[in-house]
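So you can see what is in the structure, the chains are spelled out below.
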Amino acid sequence: MANISESETIGAATTERYKYGFVTDIESDTAPKGLDESTVRFISAKKDEPDWLLQWRLKAFRQWLDKADEEPTWAKVNYPKIDYQDSYYYSAPKQQETLNSLDEVDPKLLETYNKLGIPLQEQMMLAGVAVDAVFDSVSVATTFKEELSKHGVIFCPISEAVQKHPELVKKYLGSVVPVADNFFATLNSAVFTDGSFVYVPEGVRCPMELSTYFRINAAQTGQFERTLIIADKGSYVSYLEGCTAPMRDEHQLHAAVVELIALDDAEIKYSTVQNWYPGDENGKGGIYNFVTKRGACRGRNSKISWTQVETGSAITWKYPSCILQGDNSVGEFYSIAITNNFQQADTGTKMIHMGKDTKSRIISKGISAGHAESTYRGLVKVMPGATGARNFTQCDSLLIGEKCGAHTVPYIEVRNKTAQVEHEATTSKISDDQLLYCRQRGLSAEDATTLIVNGFCRQVLQELPMEFAVEAQKLVGISLEGSVG
Amino acid sequence: MTVMLEIKDLHAAVNGKEVLKGINLTINAGEVHAVMGPNGSGKSTLSYVLAGRDGYDVTQGSVMYKGADLIALAPEIRAREGIFLAFQYPVEIPGVAGTTFLKTAYNAIRKHRGEKELDAMQFLKLIREKQKQLDMTDEMVRRAVNVGFSGGEKKRYEMLQMAMLEPALAILDETDSGLDIDALKTVADGINALRDPGRAMLMITHYQRLLDYVVPDFVHVLAGGKIVRSGDKSLALDLEKEGYAVLGTAAA
């Protein structure tokens with residue numbers, strides 16, 4: 001882990017408020033408010049989609065209507081009923097045509113990225129990270145395409161993939177998260193606007209980390225990202241997803257779907273740092289994050305690893321999962337969920353063991369401060385055919401203050417006698433002794449808390465790619481501001 | 001001589017119960033004072049009051065440090081101003097590398113003094129020098145703070161921190177407890193190496209054996225929340241021979 005820079009980043013982090021709270025003034029090309037079949041057709045037409053995809057969307061929309069009563073209520077989160085007709089489902093920054101270089105990008109967009117501290121040029125030069133920048137719903141800049149295409153890696157907006165690689169999209173879209181999967185996934189299937197598409201061909205190790213910055217911008221626009229990543233036989237890819245959003249009073253709905261497919265001997269590493277606007281100290285505002293993320297280890301010896309640092313959103317409902325179909329496949333879930341003030345997080349994973357000798361590992365670190373409620377909800381399911389399946393689960397909760405809550409809800413279903421399933425859980429508080437010890441060495445109470453929490457999260461932080469680990473450590477400090485003293 | 005610490009008629013309560021009942025003690029720069037006393041006499045309370053621990057409330061009297069009121073300062077400000085407490089029971093901080101912890105502390109103090117913070121390379125060079133004196137390996141200082149440390153390792157890590165942070169006033173709370181003779185010698189060497197005309201030390205101990213290796217300028221006996229006797233090194237030897245019982249009922 002980044003011992004060297006840890007103290008600096010923590011120092012900087014604790015003095016910051018949510019600094020990404022600003023709104024860029026760009027005229028939106030927006031669909032009328034509300035959701036009916038014409039909205040779905042509008043979106044599909046905007047994207048110039050083939051008929052099969054329009055039909056796919058319409059099927060999803062009709063199923064969603066049938067599911068009107070099936071909005072999930074089992075999660076330990078409370079929020080007022082969402083009026084799905086009181087929202088916009090499509091908004092795109094205005095642009096004339098496809099852009100070839102950054103010079104053609106709206107300067108206001110670039111300014112926004114600069115405020116976020118992620119100028120594309122700098123990233124291209126310094127980090128060697130290919131960035132598919134999603135601004136609102138339409139991708140406006142894609143970089144490093146040449147380098148990637150040399151290796152045959154496809155990394156582009158999914159709307160572009162629909163046009164250029166329809167056979168891949170058609171084959172895999174909805175194959176991991178079926179249209180009818182759940183209320184939010186079905187909604188997403190009907191109205192998804194854009195997202196990322198990745199295909200790594202057989203035997204290719206993707207030469208760089210793939211990164212997408214998501215950003216919600218236009219007011220009251222639900223954000224429906226759709227991401228599809230396919231790692232063909234023997235390939236490897238690491239994908240980074242990081243999010244920031246401007247400050248808003250109204251609650252904003254975000255219902256993304258991410259599907260990962262790993263074939264024989266392939267590995268996908270998917271890392272997320274999520275710091276969407278969590279609402280203010282009084283619980284006003286903030287993003288609703290209802291996401292369906294699932295990976296299928298289809299092939300033998302395949303591996304999917306989810307690492308997430310969840311610090312933002314007013315409400316998080318998220319269970320990145322692995323379906324371990326291939327024999328000897330591996331699923332991993334490393335999670336840090338930090339909730340402060342009035343944030344609510346119900347997050348965890350599902351590990352479905354189907355193939356022989358499949359292994360899964362779950363490390364979850366939940367931190368609650370203020371009045372926040374954090375729940376780990378996880379399912380480990382071993383199917384009859386999963387001989388020799390193994391799971392290890394560790395859920396640790398850390399409480400800061402007297403008014404927050406932490407809950408652990410493990411579900412374990414084992415239908416094969418040879419399976420080994422382990423579950424460990426702890427709940428602890430930052431002790432007065434630890435705080436005094438740090439303060440006696442010259443650290444402020446806030447810096448001490450950040451340091452202790454970063455230590456608590458270390459097992460997960462070290463799973464993140466280096467540059468993400470640094471950002472994540474900063475976020476830990478920002479997220480816990482005002483929780484001590 | 002410069003007065004480092006001046007304690008006058010100090011009364012302090014822990015959770016509302018008075019433990020210190022009128023302590024008077026003056027420590028000058030360059031001096032090493034030992035405070036001895038039986039269990040429950042208020043030794044550790046004194047160290048926590050000086051460090052500023054929550055729940056240890058000064059009810060009467062004053063503590064001046066370098067001529068200014070100490071009690072008004074937050075614990076971290078006291079630390080940055082040069083007060084170091086070597087804890088009797090150093091606490092574990094899982095997942096936080098010892099070097100990271102110490103570098104954060106070191107730079108917090110430098111920043112407070114208006115000095116430039118050290119970068120990772122400079123810091124590592126410095127800590128390597130100091131750890132050698134205390135017979136500590138790179139591996140030991142990189143481990144999570146105090147996690148899985150033996151009693152001796154914990155105390156050595158405290159001494160390493162003291163050597164790095166170079167305090168003006170070091171308070172050593174039962175630093176000898178739980179140490180075998182070899183570890184005791186190493187720790188004592190560490191303390192002696194830091195004796196300096198500009199630095200004051202307050203050693204709190206139950207037994208006099210540490211004082212064989214770190215010879216104090218003054219010895220005070222704390223009993224019933226008060227200093228009942230003061231003297232030089234020979235006082236510690238007398239106590240060793242006769243036991244705290246000679247102090248009478250106040251020490252019981």
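Residues numbered from 1 in each chain as written. Chains lettered and ligands numbered in written order. Predicted model: local features only at pLDDT ≥ 70, side-chain atom pairs only at ≥ 80, totals over all residues. Heavy atoms only, no water.

Undergrad: Describe the environment of Ile227 of chain B, with residues and values.
TA: Residues and elements named next belong to chain B. Checked against the element boundaries, Ile227 lands in strand S12 (residues 226–231). On the accessibility criterion, Ile227 (22% relative accessible area) is partly exposed. In this structure, the C-alpha to C-alpha distance between Ile227 and Ala86, residues 141 residues apart in sequence, is 22 Å. Dropping the residues within four chain positions of it, Ile227 is found in contact with Ile23, Asn24, Leu25, His220, Val221 and Leu222. (Helix = DSSP H or I, 4+ residues; strand = E, 2+ residues; numbered from the N terminus. Buried < 20%, exposed > 50% of the residue type's maximum accessible area, 1.4 Å probe, protein only. Contact = heavy atoms within 4.5 Å.)

Undergrad: Provide a residue-level description of the packing of helix H4 (residues 120–133) of chain B against helix H6 (residues 151–165) of chain B, including the pertinent values.
TA: All names here are of chain B. Interaxial distance between H4 and H6 falls to 10 Å at its minimum, and their mutual angle equals 125 degrees. When the interaxial angle is binned, H4 and H6 end up oblique. Every pair of crossing elements has a handedness; the one defined by H4 and H6 is right-handed. Here Phe123, Leu126, Ile127, Lys130 and Gln131 of H4 come into contact with H6, specifically with Leu160, Ala163 and Met164. (Axes fitted to C-alpha atoms, helices over the stretch in contact; angles between N-to-C directions. Parallel < 35°, antiparallel > 145°, perpendicular 65-115°, else oblique. Left-handed = near helix turned anticlockwise from the far one by under 90°.)

Undergrad: Describe the interface of chain B and chain A, naming the residues involved and giving the relevant values.
TA: The partner chain A presents 23 residues to the 35 residues of chain B that form the contact. The junction of chain B with chain A conceals about 2500 Å² of combined surface from both sides, 60% of it contributed by carbon and sulfur atoms. In this structure, the salt-bridge partner of Asp433 of chain A is Arg53 of chain B, at a minimum N-O distance of 2.4 Å. Those elements that place two or more of their residues in the side of chain B that touches chain A are helix H1 (43–51), helix H2 (75–80), strand S6 (83–86), strand S7 (93–97), helix H3 (98–112) and H6 of chain B. Counting residues per element, the side of chain B that touches chain A draws most heavily on H3 of chain B, which supplies seven residues. (Buried area = accessible area lost by both parts, 1.4 Å probe. Salt bridge = Lys/Arg side-chain N within 4 Å of Asp/Glu carboxyl O.)

Undergrad: Go over the nonpolar core, please, and point to the residues and values.
TA: Grouped together as the largest cluster of nonpolar side chains are 111 residues, with contacts concentrated most on Ile367 and Val453 of chain A together with Ile7, Leu50, Phe101, Tyr157 and Leu160 of chain B. A total of seven residues in this core trace back to one element, the largest contributor, which is H6 of chain B. When neighbours within four sequence positions are excluded, Ile367 of chain A is seen to be in contact with Ile336, Ala337, Ile338, Thr339, Leu398, Ile400, Val453, Phe456, Cys457 and Leu480 of chain A. In this structure, Ile158, Val176, Phe184 and Ile261 of chain A belong to the second largest nonpolar core, which totals 50 residues. (Core = buried A, V, L, I, M, F, W, Y, C linked by side-chain atoms within 4.5 Å.)

Undergrad: I'd like a rundown of empty space enclosed by the protein, residues and numbers included.
TA: All names here are of chain A. Across all of its chains, the model carries six cavities of 30 Å³ or more by this definition. In this structure, the largest cavity encloses a volume near 100 Å³. Around the largest cavity, the lining comprises 17 residues; the ones closest to its centre are Ser364, Gly366, Ser374, Thr375 and Tyr376. At the level of elements, strand S17 (330–339), strand S19 (359–369), strand S20 (373–382), strand S21 (390–400) and strand S22 (405–414) are the ones that each hand at least two residues to the lining of the largest cavity. It is S19 that contributes the most residues to the lining of the largest cavity, five residues altogether. In the lining of the largest cavity, the residues fall into five nonpolar, 10 polar and two charged. (1 Å grid on protein atoms, 1.4 Å probe; cavity = no way out; pocket = protein on both sides within 12 Å on 5 of 7 lines; lining within 4 Å. Points joined across faces, edges and corners; volume = space filled by probe spheres on them. Nonpolar A, V, L, I, M, F, W, Y, C, P; charged D, E, K, R; others polar.)

Undergrad: Which residues make up the packing of aromatic side chains, and what are the values?
TA: Residue and element names in this part refer to chain A. According to the stated counting rule, one finds 23 aromatic pairs over all chains in the structure shown. Residues Tyr270 and Trp306 carry aromatic rings whose centres are separated by 5.0 Å and whose planes lie at 55 degrees to one another, so their mutual orientation is tilted. Within this pair, whereas Tyr270 is found in strand S12 (residues 267–274), its partner Trp306 is found in strand S14 (residues 303–310), the two being separated by 36 residues in sequence. Look at Tyr270 and you get buried, because its relative accessible area is 0%. Trp306 sits in the buried class, given a relative accessible area of 2%. Clustering of aromatic rings is evident, with ring pairs tying together Phe61, Trp64, Trp74, Tyr79, Tyr84, Phe183, Phe184, Tyr288, Phe290, Trp317 and Tyr319. (Phe/Tyr/Trp six-rings, centres within 6.5 Å; stacked < 30°, edge-to-face > 60°.)

Undergrad: How would you sum up the confidence of the model for chain A? Please name residues and give values.
TA: Overall, the predicted model of chain A reaches an average pLDDT of 80, with 78% of residues at or above 70. This stretch, residues 245–249 of chain A, has a pLDDT under 50; its non-local contacts, to residues over four places away or in other chains, come to 29 contacts. (pLDDT = per-residue confidence, 0-100.)

Undergrad: Explain the packing of helix H3 (residues 51–66) of chain A against helix H9 (residues 183–191) of chain A residue by residue, including any values.
TA: Helix packing geometry: the angle between the two helix axes and the distance between the axes. Residues and elements named next belong to chain A. Two elements in contact, H3 and H9, have axes separated by 7 Å at closest approach and are oriented at 145 degrees. H3 and H9 meet at a crossing whose hand is left-handed. Residues Trp56, Arg57, Ala60, Phe61, Gln63 and Trp64 of H3 form the contact with H9, whose participating residues are Phe183, Thr186, Leu187, Ser189, Ala190 and Val191. Of the residues in the contact of H3 with H9, the class split is eight nonpolar, three polar and one charged.

Undergrad: Describe the sheet that holds strand S3 (residues 32–36) of chain B, with residues and values.
TA: Residue and element names in this part refer to chain B. Pairing is mixed in the open sheet, where six strands are placed in the order S6-S9-S10-S3-S11-S12. Because the sheet does not close on itself, it has two edges, and the strands there are S6 and S12. Averaged over all pairs of adjacent strands, the angle between their axes in this sheet comes to 20 degrees, without regard to strand direction. Bridge count between strand S11 (residues 218–223) and S12: five bridges; the pairing is antiparallel. (Pairing = 2+ DSSP bridges.)

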